[in-house]
Amino acid sequence: MKITRRTLLATAAATGVGAGSLAAGAPAQAAPLSGGVKAPRLVPGDRVRVIATAGVPDTRLARGIEILQSFGLVVETGTHVYDKYGYLAGTDEARLADLNAAFTDEGVKGVFAARGGYGTQRIIDGLDLTAVRRSPRVFVGFSDLTALSGRLWNRARLTSFYGPMINWTDSRTGPVEIESLRSALMTTDPIVLTPDPAEPSATVVVPGRATGTLLGGNLTMLQTSIGTADLPALRGAILLFEDTDESPYSYDRMLTQLRRSGALDQISGIAIGQFTNAPVSAGQWTAAEAVLDRVGDLGVPVLGGLRVGHGNGQLTVPLGSMATIDTTTATLTVEAGVS
């Protein structure tokens with residue numbers, strides 16, 4: 001059997017806390033925390049650390065490190081970043097040690113994910129939240145790292161960044177995307193995203209305007225976080241989601257489970273990123289059509305087509321900052337994620 005992210009997550013879900021356990025008393029969402037924390041913006045000379053909490057990075061990591069260095073940052077790598085344990089970047093103990101070391105070292109001002117894939121959920125419960133609260137710092141990652149972003153928000157109210165991994169591919173993320181990452185981490189300018197008509201999700205639109213905290217990430221990871229401390233409480237939030245290599249019915253199933261869990265009951269709006277490599281079959285719904293069917297009746301504005309996620313031209317946005325979605329101007333405007 002081919003090992004995919006889907007089969008790995010399905011196996012993990014079968015042995016972890018699932019939606020069925022909610023009836024036994026596990027909360028569907030973490031209780032909202034008061035206040036929010038933004039780490040200081042990065043400046044040239046800051047030390048930053050690249051760690052691998054999930055899959056194994058490859059030779060492309062050198063290019064990502066080069067880009068961070070071009071920002072004037074002093075780049076370190078975790079002790080175990082090049083380890084390999086099956087399909088993971090080292091044992092759970094090794095990956096967790098690098099994660100906690102990155103958030104414990106007072107001199108480290110930013111933490112960057114080397115690569116996604118699968119594995120962060122296996123170690124997230126061991127995160128040293130005391131260190132996170134004591135010394136907030138920038139964190140950047142996406143996809144599988146949605147679990148870490150959610151935990152940082154739920155338990156430390158820390159704003160993080162949904163942006164490219166340091167295992168960098170220039171053909172996917174070029175000069176515009178490099179500047180998007182730099183500006184998000186090193187300035188306090190607001191971030192404005194507009195739909196790209198070429199994105200498959202661009203047709204998912206429900207008119208309206210709303211303001212709320214931008215939260216979310218990868219849809220698969222949000223769905224598999226139901227019943228854990230990783231799924232953000234979305235009351236009053238603008239939900240951001242994207243995914244890759246998923247069929248239309250998978251988007252339907254994941255959104256249906258989120259709806260049934262109550263996670264979407266009181267959201268303010270929905271911002272949709274990239275539907276990367278979603279198959280299209282003649283006579284059947286596309287991913288966009290399936291998603292519109294699942295979110296179009298929630299009574300909130302929806303704006304699709306944003307270049308956030310696994311596709312070409314991936315831009316960087318903060319999770320945990322106030323944002324406004326406006327379908328009239330076709331914009332998602334997000335406050336800076338750093339102070």
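Residues numbered from 1 in each chain as written. Predicted model: local features only at pLDDT ≥ 70, side-chain atom pairs only at ≥ 80, totals over all residues. Heavy atoms only, no water.

**As for the pattern of salt bridges**
(1) Moving on: Counting across every chain of the model gives 19 salt bridges.
(2) Moving on: One salt bridge in this structure joins Arg151 and Asp230, with 2.7 Å as the shortest N-O distance. Of the two residues, Arg151 sits in helix α6 (residues 146–156) while Asp230 sits in the loop between α8 (219–224) and β9 (238–244), which places them 79 residues apart along the sequence. Just as Arg151 is buried, Asp230 falls in that class too.
(3) Moving on: Within the structure, one salt-bridge network assembled from shared partners comprises Arg47, Arg49, Glu76 and Asp105. (Salt bridge = Lys/Arg side-chain N within 4 Å of Asp/Glu carboxyl O. Helix = DSSP H or I, 4+ residues; strand = E, 2+ residues; numbered from the N terminus. Buried < 20%, exposed > 50% of the residue type's maximum accessible area, 1.4 Å probe, protein only.)

**Overview of the sheet that holds strand β1 (residues 47–51)**
(1) Moving on: Strands sit in the order β2-β1-β3-β4-β5-β12 across an open sheet of 6 strands; the sheet is mixed. Of all strands in the sheet, those bounded by a partner on one side alone are β2 (74–77) and β12 (317–319). Going across the sheet, the axis of each strand differs from the next one's by a mean of 25°, ignoring polarity.
(2) Moving on: For strand β3 (residues 108–113) and strand β4 (residues 138–141), the ladder comprises 3 bridges, and the chain directions are parallel. Within β4, the residue paired with Phe112 across the bridge is Val140.
(3) Moving on: Where α6 meets the sheet, its contacts fall on β4, β5 (160–162) and β12, and the angle it forms with β4 comes to roughly 150°.
(4) Moving on: The strands touched by helix α7 (residues 175–186) are β3, β4 and β5; relative to β4, the strand with the most contacts, the crossing angle is about 155°. (Pairing = 2+ DSSP bridges. Axes fitted to C-alpha atoms, helices over the stretch in contact; angles between N-to-C directions. Contact = heavy atoms within 4.5 Å.)

**A few points about the environment of Thr331**
(1) Moving on: Position of Thr331 among the secondary structure elements: in strand β14 (residues 331–334).
(2) Moving on: Residue classification places Thr331 among the buried residues on the basis of a relative accessible area of 15%.
(3) Moving on: With 25 residues separating them in the primary sequence, Thr331 and Leu306 have C-alpha atoms 9.2 Å apart.
(4) Moving on: Not counting the four nearest positions on each side in its chain, Thr331 is found in contact with Val192, Leu193, Thr194, Leu303, Thr324, Ile325 and Asp326.
(5) Moving on: Engagement of the side chain of Thr331 in a polar contact is seen with the side chain of Thr329, the distance being 2.7 Å. (Polar contact = N/O pair within 3.5 Å; in protein donor to acceptor, adjacent residues only side chain to side chain.)

**Here we look at the packing of aromatic side chains**
(1) Moving on: Tallied over the entire structure, the rule returns 3 aromatic pairs.
(2) Moving on: Ring plane angle 85° and centroid distance 5.7 Å describe the contact between Phe142 and Tyr162, whose orientation is recorded as edge-to-face. Here the residue Phe142 occupies a position in the loop between β4 and α6, and Tyr162 occupies one in strand β5, the gap between them amounting to 20 residues. Note on accessibility: Phe142 and Tyr162 belong to one class, buried. (Phe/Tyr/Trp six-rings, centres within 6.5 Å; stacked < 30°, edge-to-face > 60°.)

**Remarks on the pairing of strand β10 (residues 269–276)**
(1) Moving on: For β10, a buried count of 8 out of 8 residues is recorded, marking the element as mostly surrounded by other parts of the structure.
(2) Moving on: As judged from the 6 bridges shared by β9 and β10, these two strands associate in the parallel manner. Looking at β10, one finds that Phe241 is bridged to Ile272.
(3) Moving on: For the crossover from β9 across helix α9 (residues 248–261) to β10, the handedness is right-handed. (Right-handed = clockwise from strand over helix to strand, strands pointing away.)

**Observations concerning the packing of α9 against helix α10 (residues 287–295)**
(1) Moving on: Axis separation between α9 and α10 bottoms out at 8 Å; the angle between their running directions is 20°. Here α10 runs roughly parallel to α9, going by the angle between their axes. Taken as a pair, α9 and α10 cross one another with a handedness that is right-handed. Judged by residue contacts, Pro248, Tyr251, Asp252, Leu255, Thr256 and Arg259 of α9 engage Ala287, Ala290, Val291, Arg294 and Val295 from α10. (Parallel < 35°, antiparallel > 145°, perpendicular 65-115°, else oblique. Left-handed = near helix turned anticlockwise from the far one by under 90°.)

**Focus: the environment of Arg253**
(1) Moving on: Mapped onto the elements of the fold, Arg253 is located in helix α9.
(2) Moving on: Taking the C-alpha atoms as reference points, Arg253 and Val291, 38 residues apart in sequence, are found 9.8 Å from one another.

**Observations concerning the confidence of the model for the chain**
(1) Moving on: Per-residue confidence for the chain averages 92 on the pLDDT scale, and 90% of its residues sit at or above 70.
(2) Moving on: Counted against residues more than four places away or in other chains, residues 10–34, with its pLDDT under 50, gives 38 contacts. (pLDDT = per-residue confidence, 0-100.)

**Thoughts on the sheet that holds β14**
(1) Moving on: Read from one edge to the other, the open sheet built from 8 strands follows the order β6-β14-β13-β8-β9-β10-β11-β7, with strand pairing classed as mixed. The open sheet terminates on both sides in strands that have one partner only, identified here as β6 (191–193) and β7 (205–206).
(2) Moving on: Taken together, the 2 bridges between β7 and strand β11 (residues 302–303) define a ladder with antiparallel strand orientation. Of the residues in β11, the one forming a bridge with Val205 is Leu303.
(3) Moving on: Its contacts with the sheet place α9 against β9 and β10, and it is angled at close to 145° to β9.

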